[in-house]
Each structure stands twice: as structure tokens, then as C-alpha cells.
There are 8 protein chains.
Amino acid sequence: MSIKKPKVAVIMGSDSDLPVVRKAVEILKAFEVEFEINVMSAHRTPERATEYARNAQDNGFEVIIAAAGKAAHLPGVLAAFTTLPVIGIPIKSSTLDGLDSLLSIVQMPSGIPVATVAVDGAENAGLLAVQMLAIKYEFLGEKLKQHKEKMKQDVIRKDQKIKEEVF
Amino acid sequence: MSIKKPKVAVIMGSDSDLPVVRKAVEILKAFEVEFEINVMSAHRTPERATEYARNAQDNGFEVIIAAAGKAAHLPGVLAAFTTLPVIGIPIKSSTLDGLDSLLSIVQMPSGIPVATVAVDGAENAGLLAVQMLAIKYEFLGEKLKQHKEKMKQDVIRKDQKIKEEVF
Amino acid sequence: MSIKKPKVAVIMGSDSDLPVVRKAVEILKAFEVEFEINVMSAHRTPERATEYARNAQDNGFEVIIAAAGKAAHLPGVLAAFTTLPVIGIPIKSSTLDGLDSLLSIVQMPSGIPVATVAVDGAENAGLLAVQMLAIKYEFLGEKLKQHKEKMKQDVIRKDQKIKEEVF
Amino acid sequence: MSIKKPKVAVIMGSDSDLPVVRKAVEILKAFEVEFEINVMSAHRTPERATEYARNAQDNGFEVIIAAAGKAAHLPGVLAAFTTLPVIGIPIKSSTLDGLDSLLSIVQMPSGIPVATVAVDGAENAGLLAVQMLAIKYEFLGEKLKQHKEKMKQDVIRKDQKIKEEVF
Amino acid sequence: MSIKKPKVAVIMGSDSDLPVVRKAVEILKAFEVEFEINVMSAHRTPERATEYARNAQDNGFEVIIAAAGKAAHLPGVLAAFTTLPVIGIPIKSSTLDGLDSLLSIVQMPSGIPVATVAVDGAENAGLLAVQMLAIKYEFLGEKLKQHKEKMKQDVIRKDQKIKEEVF
Amino acid sequence: MSIKKPKVAVIMGSDSDLPVVRKAVEILKAFEVEFEINVMSAHRTPERATEYARNAQDNGFEVIIAAAGKAAHLPGVLAAFTTLPVIGIPIKSSTLDGLDSLLSIVQMPSGIPVATVAVDGAENAGLLAVQMLAIKYEFLGEKLKQHKEKMKQDVIRKDQKIKEEVF
Amino acid sequence: MSIKKPKVAVIMGSDSDLPVVRKAVEILKAFEVEFEINVMSAHRTPERATEYARNAQDNGFEVIIAAAGKAAHLPGVLAAFTTLPVIGIPIKSSTLDGLDSLLSIVQMPSGIPVATVAVDGAENAGLLAVQMLAIKYEFLGEKLKQHKEKMKQDVIRKDQKIKEEVF
Amino acid sequence: MSIKKPKVAVIMGSDSDLPVVRKAVEILKAFEVEFEINVMSAHRTPERATEYARNAQDNGFEVIIAAAGKAAHLPGVLAAFTTLPVIGIPIKSSTLDGLDSLLSIVQMPSGIPVATVAVDGAENAGLLAVQMLAIKYEFLGEKLKQHKEKMKQDVIRKDQKIKEEVF
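The rules behind the values
Residues numbered from 1 in each chain as written. Chains lettered and ligands numbered in written order. Predicted model: local features only at pLDDT ≥ 70, side-chain atom pairs only at ≥ 80, totals over all residues. Heavy atoms only, no water. Helix = DSSP H or I, 4+ residues; strand = E, 2+ residues; numbered from the N terminus. Buried < 20%, exposed > 50% of the residue type's maximum accessible area, 1.4 Å probe, protein only. Contact = heavy atoms within 4.5 Å. Areas by Shrake-Rupley, 256 points an atom, 1.4 Å probe, with all protein chains shown as cover. Lys, Arg positive; Asp, Glu negative; His and termini not counted. Charge placed at Lys NZ, Arg CZ, Asp CG, Glu CD. Buried area = accessible area lost by both parts, 1.4 Å probe. Salt bridge = Lys/Arg side-chain N within 4 Å of Asp/Glu carboxyl O. Polar contact = N/O pair within 3.5 Å; in protein donor to acceptor, adjacent residues only side chain to side chain. Nonpolar A, V, L, I, M, F, W, Y, C, P; charged D, E, K, R; others polar. Least-squares fit on C-alpha atoms with pLDDT ≥ 70 in both. Expected span 1.5 Å × (residues − 1). Pairing = 2+ DSSP bridges. Right-handed = clockwise from strand over helix to strand, strands pointing away. Axes fitted to C-alpha atoms, helices over the stretch in contact; angles between N-to-C directions. Parallel < 35°, antiparallel > 145°, perpendicular 65-115°, else oblique. Left-handed = near helix turned anticlockwise from the far one by under 90°. Arc of directions from axis to C-beta. Phe/Tyr/Trp six-rings, centres within 6.5 Å; stacked < 30°, edge-to-face > 60°. Lys NZ or Arg CZ within 6 Å of the ring centre and 35° of its normal. pLDDT = per-residue confidence, 0-100.

## Concerning the overall build of chain A
From N to C terminus, chain A includes 6 helices and 5 strands. Its helices and strands taken in sequence order, chain A reads β-α-β-α-β-α-β-α-β-α-α from the N to the C terminus. A buried classification covers 66% of the 167 residues belonging to chain A. Considering only contacts in chain A between residues 6 or more positions apart, those separated by 24 or more positions represent 69%. By element, 48% of the accessible surface of chain A is carried by carbon and sulfur atoms, the whole surface being about 5,600 Å². Each charge class in chain A was averaged separately, 21 positive and 21 negative side chains, and the resulting centres sit 1 Å apart.

Here's what the structure looks like:
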């Protein structure tokens, strides 16, 4: 098992979610985590979605990231068909400011959790997937620490820039 | 086809929804519409739920009523697997005052409608099912008019009672 | 009765709702369902609206679709004067992000249901009307299945496109 | 005209609204304003409601107070059939904490105003009716000033009581 | 008293509210109701605002229209210093979509009503003022009926236009 | 100036707010800060309230705490008449779960700040007043550190208790 | 590494959260996952909380579950000091119906994810922790499948019971 | 101590908050209050933030202003490490219209207050800091009165302008 590589399934409910979801993918790339990206709808291609979730573990996936908007059932539906951890990204759509997507994903009933991140929080979805995988894959833990350090240095640089230039 | 009887599938996500859903069933009984009642969860018994929806039309059902709370995916998931009209009842649960259930049901993406009634609005779900069936079954149209008349008389009686007794 | 054609009344509260409502009409056209489109206001032309609803069934309509924004009373007012199923489309207006329209339509009191779809969910209103009519008109059931299949193929095509082009 | 007495129509959508609406009536009594109380539903007795509104002015009414809950259409529907000022009281019902009632009443589209008070704000509805009538009936203006003075003295008394007893 | 002319005070909390408030003024002009327009802030010019309200009746005003945004205290503060009816217009500002303005105006505690209209509902504020004044001034009642008829004809014209041109 | 004692005005809009406000008073007592408690309404005793605020500084007050519910104008109205810091406590009332009180207090327009604490957050209002006074009165800074230490020890004790007893 | 046992840190912001959090602990027990339970406050014992998070990984923890209410900073603060996955449970407190807790936890800015479950969703927090650990510990994957099967059988049993007894 | 100058720490969670926060700084400049501006994140540079707060008083700061968006923990986290008064500015970000930022800041649990201003209310944050400092520094009290007078004159000028030019 030690030669197995971490692998994540990234699923979006609509191709219009891509500009948001792309940030999750960039994180996975940066952490050298293998991934497969899919457009699948809980409502328009329900068989494909449920089939995909049912076989995800056998196909070597260890985490699922699912993004959807409005009455966003996709993450919960996938979670119903797998015991892999499912991370849900609520996509802000044109009405109700993302509250519908958020509540449809985070308020899962007992028994079927979905690990929910912020509305349009795809970058965090990617990082959360890496954190989960780092439980098993030690090299990811190291990279996470470097990433945290890099974020810190970014903030420090911005702090200095504002102090120098702006005031 | 004329000897076919109207038949409705009533599905609730949890047996704790029964006190609310009961009002839908009482309407169906009052209108002499056949029905079958089920506890099925989009998340805990997903195969049963999707299988049920897929076969609902072949099993003679003409309308589906589905009640669920919190991230209430059940009506939408059923709707994904059938072309029968699905009526969704958002159940108010212990947090967020039913807004989560309502948005999870009503904000369905394009292509898969769910006919949503008020939070805990099971009586209206029953009536809406009867109205849909009355498109085909003329005897139900007649009964709906009587029911409307009866509601009117109830209000008129209450109006008189308040005028006489209270003031 | 078998030679009767399905017929839907489409009513919007203001001509400014047309860009949204148009999608419901396109669905009805695509399914070859006859329809009549009207601008009627529950508040500015209340007699016309109530009169229209009262006579809708006698005039051969079998389903009513009504769209309105803000304190959106139109679908509920029409439903008060008919026993036909009424489908309500909440229109997002310039304040409160559509929550006012949604709650004014979906939270109908017991006795007078309105089958509510998502904010600006006109396409689903059209599909829901077709699903209701398909209870009676078998040819619509067939078309609904084809439409569902077509949606599925669309998603599958987008899935392939994203896989090929983007990553 | 000077011998005409001020007269208010008080209408509630359901007899269950009486405990709230009673406070409006008590204000009217205290100000010696004539009133008629009715249970009428915009949805269950729509003809009675619209007829009542249409004839309200001819029947000597000068202001209408209307209370309703959930998708609370009653005040707006009455306002559609009269040019008398209509005061709307949103009634808090069992779900969504009164937000549905409030938005359904206050968010009226242009052309048909409803003077909305707070959720369950029946006392203010009564006072607002008196303030409107006081435009015409001078004796009411005098009483309003006394009422305002009395409220002031009540607060002052409570202020003293708290200062003496509690601390 | 019969030669007295109806007169309305229109007060906005900030000159930035003018584009919205203008619609109230246009209604007053159209109905030939005298008015005075003021910029006054409950918070920045509190003495002027309270003084204005205290003397409003003596200065011949019969209704006050007050518009304000965010924590919109202006209408309530004015109402505290007068027994004239006060109409509140919640102004949508840059955050929270108008909900803050609405709740700050409509949720007045018992004893001090504010007749609240929709967020940015200035036209209705003007009409409501006219309706209140029409209790006393008969010529306004006549004009209100004409205005209602005109609105009706507008809708009917739009209905015909859509039927002819669009479909 | 060094012999001046810190003094806080505590004002509640209604005597029914006392059970909540009491916690602010207990904090002031515990920190040996002088205070005066008042029931004053922005709407029912507006002259008293504005007069009180106008003279608060001359009367030796250095901070004002004001609690109110619903369309909670009291803190903002007081702030309009003084340059002392005003701390606002939104009181949860029977509808809308405190959101109305919160937004009416926190969303103050530019120029007139109100330091807002949580809904029913009276204890924090008291502490915030002490923190403000500690800018000037050094002995309060010392007490604040002790209070913080005490809170810490309380949590540590509860932590141990749960570890020992519960699991 | 293979002899290492899975270990979870369970942290609640207040001992009053225990009745909710207990369900997470019961899940961990049922899955034979080692855990340590703590009462720690992001605000009252910030050093302990940050220290705990900083050392969590070295102390053998692989997942952190953190529960907090109101402005619920605990999960996010812990996440700032570790690269372990942090699961956040929003606790419903006495105002605003849990929306404050939910948004304070789920809306984390980019870089520091918190895996959020439903308001009061402690059981799902426990299950999510197990799912994360199952990426590494195969025996947990097996148990998760049994748990899912058990949930399914529970629903099926309830379905039969309702069918037999109730109707 | 009398020669000590008032000094405020201004901290923003991200450099993107600068356009909003700038208004607080302009107020501090206008009142000749010394300040230091920092970019610090509760989540990305938690050690720096907590260290900064812990030493703020020793470094001569008397008030802290902290701005943050989304799950805005920064003001609360700083408040946990100091007994200085902390003023929180909720920054409106791209989703949920600022409600998340507001609730994450204002709903602080008992013991650790944050003086919260309106969403994006940086100008008021600056003024509130000055009001707090004026408890100790008399010259600021004088300036606050002048500022209040200037705001008043601004409104009066706008009032005249509107009266002259617009109508």
C-alpha cells in the first residue's frame, strides 16, 4: 500500500462551476495529488453520479470534492453512495447570495456527513483534501507546513508593503 | 385507461416526519385517492429511494409526495429518477427554522422541477396532488370544488362566531 | 376527451417579468403544449385576474403558471379562484435578493396550494406543467423521457469537453 | 360631513389571529372609533374579501386594518379593490419566525401601498388607524396627545420603580 | 377648515436618498398635494429633526414621509415627536440588501407606529400619503380612483402588446 | 482629575429588558464602577432620553450603555446627542430572533457610532464599558487582568471536571 | 507506523456544549477510535487552545473536532495552528437560531479550511473524523460500511413499522 | 502620564481590506491620534497576531481597531489576548452580503467583548476609538464636538441645496 499515490475525485454539478472549482484543482496540482475532474449532475445524470460514487473507492479515490449550486444535492448524494470523505463546495448562483447552496450542503442529516467549506471556497476544499490525505501520506504533511509558512510570509510581505507605501 | 384509479406515492425521509406528513395522507383519504406510504432516505437508503422513483410510474403511481428536513434532498433525488411530478414538503427541524429545508427543496436547478409547498405544508401537498390528478380524473375536480366550498363555509361560520361571541 | 389538447395559461404580474418567463414558454412550445400568455396584476387588474382564474377551467386550461415579484400575490390569488393546479415562479427583483418573492409564493396557508419553483425558475415551471399534463396525456410522458435523456447527454458532452480541453 | 363618525374595518385571515388582533380593537375602543370585525380569507373566501373591499368606502369605512400570516396576501388583496388606506399586520406563524408574513405584506409593488406595522404589531395598527383618522377628526388628535402623554408617564413610573426597588 | 390644503412633509436622511425619494414627490405633485422637502438626519441633525416633527402639525402638515437607510431611525424618531401619521421608506444601501433598513423601520415597538412601505418603495409612500389625506379631502379620493383606473389600463395595454408582438 | 470616579449610565428601553441588562450592572458592581440605571424610551419619552444624553457628560458620565429591542433606536438616538461612547445591547424580542434589534443598532450610518455587542450580550456590554474606562483609570486595567485570569481558571476547572467525571 | 492507533482530539468551547458533543464521542467509541476530550475556549483560554493545536500532531492526534457557538472562532483558531484536518460543529445557542455559529465556522477565508458539519451535527462530525481516518486505517473502512448498512436496516425497519401500524 | 499621546493599533486581516479601512485611518489623522497600521491574519499569521495583541498595551496602544471579512475571527482573537478595548469592522466580501462577517464579529461569547460597528463601517470605527480615548484625553472631547457640529452644518447645507436646486 505504501506505493499507492493519493488520488482525489473532483466533481462539479455544472461546467459553469469551473471558474470556482479550478482553484481546488490548482491546490491539488501544487501538492502533487493525482485527481480526476468530472462534470456530473445529481439530477441530470443521477445514475452516473451514484455509480461513480459507489465505485470511487475501488477506483483508487480516497477523497471526493463536489461543487454545486442552488439546491445543491450533489455532495450529499455522492456521500450516500460511498464511505469516502466528501468535501462540499457551495457555489454562489444568481439568487439568494449562496445561502441556498450553503444550507443544502452543510445541513446534512445524521449519518451522512459532508465536510463543507465556505461559499465558493474551492481553494480550501483542495487544502482540506490534502489535509485528509496527509493523515496517511506523510510527504503531504511536510508540504502543508511549507504552504502554511508561505502564506505567512505572504501576509508579512503585504504588511510591510502597506506600511512602506501607503502611509 | 378509464378504469385506472389515481394513485400517489407518499415518501418521508424519516419516521419522525409522520406527524406532519399525516395531513397529506388525510387529504388523499378524504378524496379517495389510493396511496402508498414509505419511509425512505435519500442518504441512508439511497438505492431503495432511487429504485422506487425509477419504477414509480410502472407501478401505477401518478404523483409523488416527498417530505424531508434540513439539507432535504429526497424530493430532488426522486425527481431525478422519474418524470412523474414530485411535490416537496420542507419539514421544519430543530435549527434554522425550516429555511434550510425550504431552500434545499425549492431551489432546484433547471431541468428537474420539484413542486414545493410551504414549510410543514403537508395538507397543501395532498391538495396539490389531487389538483394534478384532477387534470385526468374528472371526479376529483368535482370533489375539489366541494372542498373549496366547505373551506369557505368554515371561514364564514368562524366569522359569524367571532362577531357574535367575542365583540 | 381524448381529442382535447393540453393547454396552459401563463400569467405574469408585469411585462418586465418576460425575460424570465420566456423560458417557461419555450418549454411549452418544445413540448407542443398550447398556451396563452397574459400580463395581469393581482393588484392593478384584480378583477381581470380573478375573472381569468374563475373561468380558466371552462376555457379549457388545465394548468396555470403565474410569475410575480416582491410581495408576489398573483399565484396565490389565482389559486383562490380556481381548482386547477397553479405553478408559481418567484421573480427576483431589485431588493432582498428574491427572498420576498419566494416566501410570498411558497408559504401559502392550508387549503390553497401553489406549486412553487426556484426564484427565476421559469424553465422548471414549464417542465412541471408538462409533468402534470403528462398524467393525462401519454404523448407528453414520452417526450419528458426524451428531454431527460437529452439533458443527460448534454452533461456527458460537457464532462468530456472539460476533460479534454481544460486539463 | 361633520356628523359622520370615524369607522374602521378590522379583518383577519383566520380566527386564530384573534389574540393578536384584539390589541388593535382595544385601541379603537379606547379612542371611541367605530369598527367592524371580520374573519375573511384572501384565499378561502376570496369573493367575500374582494367584495368587502370594493364596497368598504360606500359602507362608510375610512380605514381598513388587515392581519394575516405566512404568505399573507390579505392586506394587499384588499388594497387592490379599494382606495382606502389599508394597514397590514404580519402575524407570526409557526415557521420562519414571521419573516414570511412581513415580506408578503410590506414588499407591495408600486401602485398599491399597504401601511405595514411590525410582526404581531396590532396595537400600532390600531394607533396608526387613529392617526390617519385624526387628519379629519380633530377630537382624535387631542386623544392621541393624551395617549402619548400617558405612555410617557408609564415609562417614567417604571423608571422610578426600577430605581427604587431593584438597585 | 374646508379651505385648508393637504400638505405633506417629505424628509430624507441623506441627500443620496433623493433618486429614490423623488418618486414620492412626483406622486404628490401629480395629486396636487402641497409638500416640503427636507434633508434631516436623526443622528447628525437630531435637534432639527425632533424640532421639525414637534412643530409639524402646527405648521400645517398632515402627513410625514421619511426615508432612511441602514439603521434607519429617522421615521421612528420623527414619530416619537408627533401624533401625525409617519410613513417610512426603507432605503436599500450597499450592504445587507435593505433588510437592515426595513427591520429598523417596520419593527417599531408598541405605541409609536410607522406606516412602512417596501424597500425603496417611494412611489407607494406618496400614494399612501394621498390615501390618508383622502379620508379628509374628497377630491383626492376621486383622483385615487382615476389613478387606479389608469394603472389598470396600463397593464391591459402591456398585456395586449405582449400578446401581439412577442408571441 | 485623578480623584474623579468612573461612572456609567445604563439605560434600557423598557423595564422588561431588566433580566438581560442586569448582567451588565453586575459587571459594573464587580469592578466598582459607579452607575445610574434608567428606563427611558427613544419613542415614548424622547425628550427625557435626548435631554439625558445631552447632559450626560456634564453630569459626570463617561460611558453610556443602552439596551433596546425590535426597531431598537435608543442607542443611536442617545449617540446623536452626546460624544460619549455609547454601547448598544440588542435585546431579543418575540419575533425575528433578535435580528431586527441587532441590525437596528449595529448598522449606524457614518458619523454616529454605536459600539454594539451580541444579542442579549449585556455582560460584554459591562466589560466593554470597563475596558473603555480602563484607558483612563489604571486600577480598572488591573482588575480586567484578574477577571481574565479568573475566566481562564473557570474554563480549566470545567475542563478537568469533564475529563474526570464524564468520560 | 502500522501499529499506531487512530486518535482524535475533541474540543468544545464551553462545557454547556457537552450534550451536543457527546454524540460525536459516542461515534468515536463505537468505531474504537481513541480520543481525548477537552473544554477549551478560543477566547478565555487562548494560550491553551493555541498550544494544544500547535502540539496536536506531535501528541499523536490525527484529526481535531471542535464545537463552538455564537461567534464560533474555536475551530478556525485551532486550524490556524495546525495542519491536521479540523472538523467544526456549529452549536445552536439562544439567539439567531444557529446561523451565527454556522457562518462563523464555515465561511473560513482561503488557506485555512474547517470541515463544517450541520448546526448541532455532532454525530456527523464523529463520522467524518472516522471517514478521514479510514483513508489510512483500513479496519475503519470496513466498520463504516457496516455502519452504513445498519443505518439502512434501521430505515427499512421503520418503513415496515409505519406501513404496518400506522395505516 | 499626562504627556502620553493617544495611540491606536489598526489591524486588517488582508491588504484587500485597505480601501474600507482607510476611512478609519483618515479619522484618526484628522483627530491627531497616533496610529500604527498592520496587515495580520488571525489564521495565516496567528502567532504574530496574538503576540501583537499580548504586547499592545505595553507598546503604548490604548485601543485596537480590527477589520476582517467572512468568518471574521481577527477582532475576537485579538480581544482574547488583551484587555484593551477592541473595535471590530465587519468587511463585506463577495458572498452572503456581509452577514457572515457581521455575525462572526458581533456575536462574541460572554467575557470577551468586541465593540462592533456596521458592515464596512470604518469611519465609525475611527470615531468610536476617538470617543473612547476622549474619556482620558480632554482635547479629543473638544474635537469630537467640533466634528459633530461640522457634520450638522454639512447636512444643513445639503438641505438648502436640495430645496433650492431640485424643487
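So that's the structure; there's more coming.
## Let's talk about the side chain of C:Thr82
By the secondary structure assignment, C:Thr82 is in the loop between helix H3 (74-80) and strand S4 (86-91). What C:Thr82 contacts, discounting residues up to four positions off in sequence, is B:Lys148, C:Ala53 and C:Ile64.

## A few points about the interface of chain A and chain G
Interface size is commonly expressed as the accessible surface area that is lost when the partners come together. Between chain A and chain G, the residue contacts involve 41 residues of the former and 41 residues of the latter. Note on chain A versus chain G: buried area summed over both sides is about 3,400 Å², and carbon and sulfur give 62% of it. In terms of surface lost to chain G, no three residues of chain A exceed A:Thr83, A:Pro113 and A:Ile135, which account for 20% of the buried area on that side. Linking chain A with chain G are 0 salt bridges. Where chain A packs against chain G, one counts 23 residue pairs in polar contact (both at pLDDT 80 or more). Secondary-structure elements contributing two or more residues to the side of chain A that touches chain G are helix H3 (74-80), helix H4 (99-106), strand S5 (115-116), helix H5 (122-134) and helix H6 (138-166) of chain A. Take the side of chain A that touches chain G: its biggest share by element is 7 residues, from H5(A). Within the side of chain A that touches chain G, the residues separate by chemical class into 26 nonpolar, 9 polar and 6 charged.

## Some words on the relation of the copies chain A and chain G
Mapping chain A onto chain G calls for a screw motion: a turn of 180° about the axis and a shift of 0.0 Å along it, with 0.0 Å RMSD after fitting. Such a combination of rotation and displacement between the chain copies is what one expects of a two-fold axis. Of all interface residues in chain A, 100% are interface residues in chain G too; the two copies therefore contact each other through one and the same surface.

## Remarks on the side chain of H:Ser104
Locating H:Ser104 in the fold gives a position in helix H4 (residues 99-106). Only 3.5 Å separates the side chain of H:Ser104 from the backbone oxygen of H:Lys70, close enough to count as a polar contact. Excluding its chain neighbours within four sequence positions, the residues that come into contact with H:Ser104 are G:Ala71, G:His73, G:Leu103, G:Ser104, H:Lys70, H:Ala71 and H:Ala72.

## Section: the interface of chain E and chain D
Taken together, the contacts link 41 residues of chain E with 41 residues of chain D. Summed over both sides, the interface of chain E with chain D buries roughly 3,400 Å², with 62% coming from carbon and sulfur. The three residues of chain E that bury the most area against chain D are E:Thr83, E:Pro113 and E:Ile135, which together make up 20% of that side's buried surface. At the boundary of chain E and chain D, one finds 0 salt bridges. At the junction of chain E and chain D, the tally comes to 22 residue pairs in polar contact (both at pLDDT 80 or more). Residue assignment for the side of chain E that touches chain D shows that the elements contributing at least two residues are helix H3 (74-80), helix H4 (99-106), strand S5 (115-116), helix H5 (122-134) and helix H6 (138-166) of chain E. No other element matches the 7 residues that H5(E) contributes to the side of chain E that touches chain D. Classifying every residue of the side of chain E that touches chain D gives 26 nonpolar, 9 polar and 6 charged.

## Some remarks on the pattern of salt bridges
All names here are of chain B. The full count for this structure, using the stated rule, is 81 salt bridges over all chains. A salt bridge links Lys 143 to Glu 32; the nearest nitrogen and oxygen atoms lie 3.2 Å apart. Placement of Lys 143 in helix H6 (residues 138-166) and of Glu 32 in the loop between helix H1 (18-30) and strand S2 (34-39) is noted, with a sequence separation of 111 residues between them. Between Asp 154 and Arg 157 there is a salt bridge, and its shortest N-O distance comes to 3.3 Å. Placement of the pair is Asp 154 and Arg 157 together in helix H6, with a separation of 3 residues, close to one helical turn. Take Asp 154: its relative accessible area is 24%, and that puts it in the partly exposed class.

## Some words on helix H1 (residues 18-30) of chain A
Residue and element names in this part refer to chain A. Compared with an ideal rise of 1.5 Å per residue, which puts 13 residues at 18 Å, H1 spans 18 Å between its outermost C-alpha atoms and is within 8% of the ideal. Taken as a whole, H1 has its buried residues at Leu 18, Val 20, Val 21, Ala 24, Val 25, Ile 27 and Leu 28. Of the residues flanking the end of H1, it is Glu 32, one or two places downstream, whose phi is positive at about 55°.

## Describing the pairing of strand S2 (residues 34-39) of chain A
Residues and elements named next belong to chain A. Of the pairings in the sheet, the one linking strand S1 (residues 7-12) to S2 comprises 6 bridges and is parallel in character. Looking at S2, one finds that Val 10 is bridged to Ile 37. As a crossover connection, the stretch from S1 through H1 into S2 is right-handed.

## Side note on the pairing of strand S4 (residues 86-91) of chain F
All names here are of chain F. Counting buried residues along S4, 6 of its 6 residues qualify, which places the element largely inside the surrounding structure. Covered by surrounding structure in S4 are Val 86, Gly 88 and Pro 90 together with Ile 87, Ile 89 and Ile 91, the residues of both alternating faces. With 6 bridges joining them, strand S3 (residues 63-69) and S4 adopt parallel strand pairing. Its bridge partner being in S4, Ile 65 is matched across the sheet by Ile 87. Read from S3 through helix H3 (residues 74-80) to S4, the crossover connection turns out right-handed. Bridge count for S4 against strand S5 (residues 115-116) is 2 bridges, and the pairing is parallel. Bridging across to S5, Gly 88 finds its partner in Thr 116.

## Topic: the packing of H1(A) against H5(A)
Residues and elements named next belong to chain A. Between H1 and H5, whose axes approach to 7 Å, the crossing angle comes to 30°. Relative to H5, the element H1 lies roughly parallel. Taken as a pair, H1 and H5 cross one another with a handedness that is right-handed. Counted together, Val 20, Val 21, Lys 23, Ala 24, Ile 27 and Leu 28 of H1 and Ala 122, Glu 123, Gly 126, Leu 127, Ala 129 and Val 130 of H5 form the full contact between these two elements. Tallied by class, residues from the contact of H1 with H5 come to 9 nonpolar, 1 polar and 2 charged.

## Considerations on helix H2 (residues 46-56) of chain B
Residues B:Pro46, B:Ala49, B:Thr50, B:Tyr52, B:Ala53 and B:Ala56 constitute the buried set of H2(B). Down the axis of H2(B), the sector holding all buried residues measures 155°, keeping them to one side.

## Concerning the packing of aromatic side chains
Evaluated as defined, the whole model comprises 16 aromatic pairs over all chains. With 5.8 Å between their ring centres and 35° between their planes, H:Tyr52 and H:Phe61 make a pair best called tilted. Over the face of the ring belonging to B:Phe61 we find B:Lys7, whose NZ or CZ atom lies 4.6 Å from the ring centre.

## Details of the confidence of the model for chain A
Residues with a pLDDT of 70 or more make up 97% of chain A, whose mean pLDDT is 95. Note on the complex model: pTM 0.97, ipTM 0.96.

## Considering the arrangement of the chains
With no contact between them, chain B and chain F keep their nearest C-alpha atoms 10 Å apart. For the non-touching pair chain C and chain F, the nearest C-alpha separation works out to 15 Å.

## A word on the environment of C:Asp97
Summarising the element assignment, C:Asp97 is placed in the loop between S4 and helix H4 (99-106). When the C-alpha atoms of C:Asp97 and C:Asn38 are compared, they prove to be 25 Å apart, with 59 residues separating the residues in sequence. When neighbours within four sequence positions are excluded, C:Asp97 is seen to be in contact with A:Thr95, A:Leu96, A:Asp97, C:Lys92 and E:Asp97. Within the local environment of C:Asp97, its side chain forms a polar contact with the backbone nitrogen of A:Asp97, the two atoms lying 3.1 Å apart.

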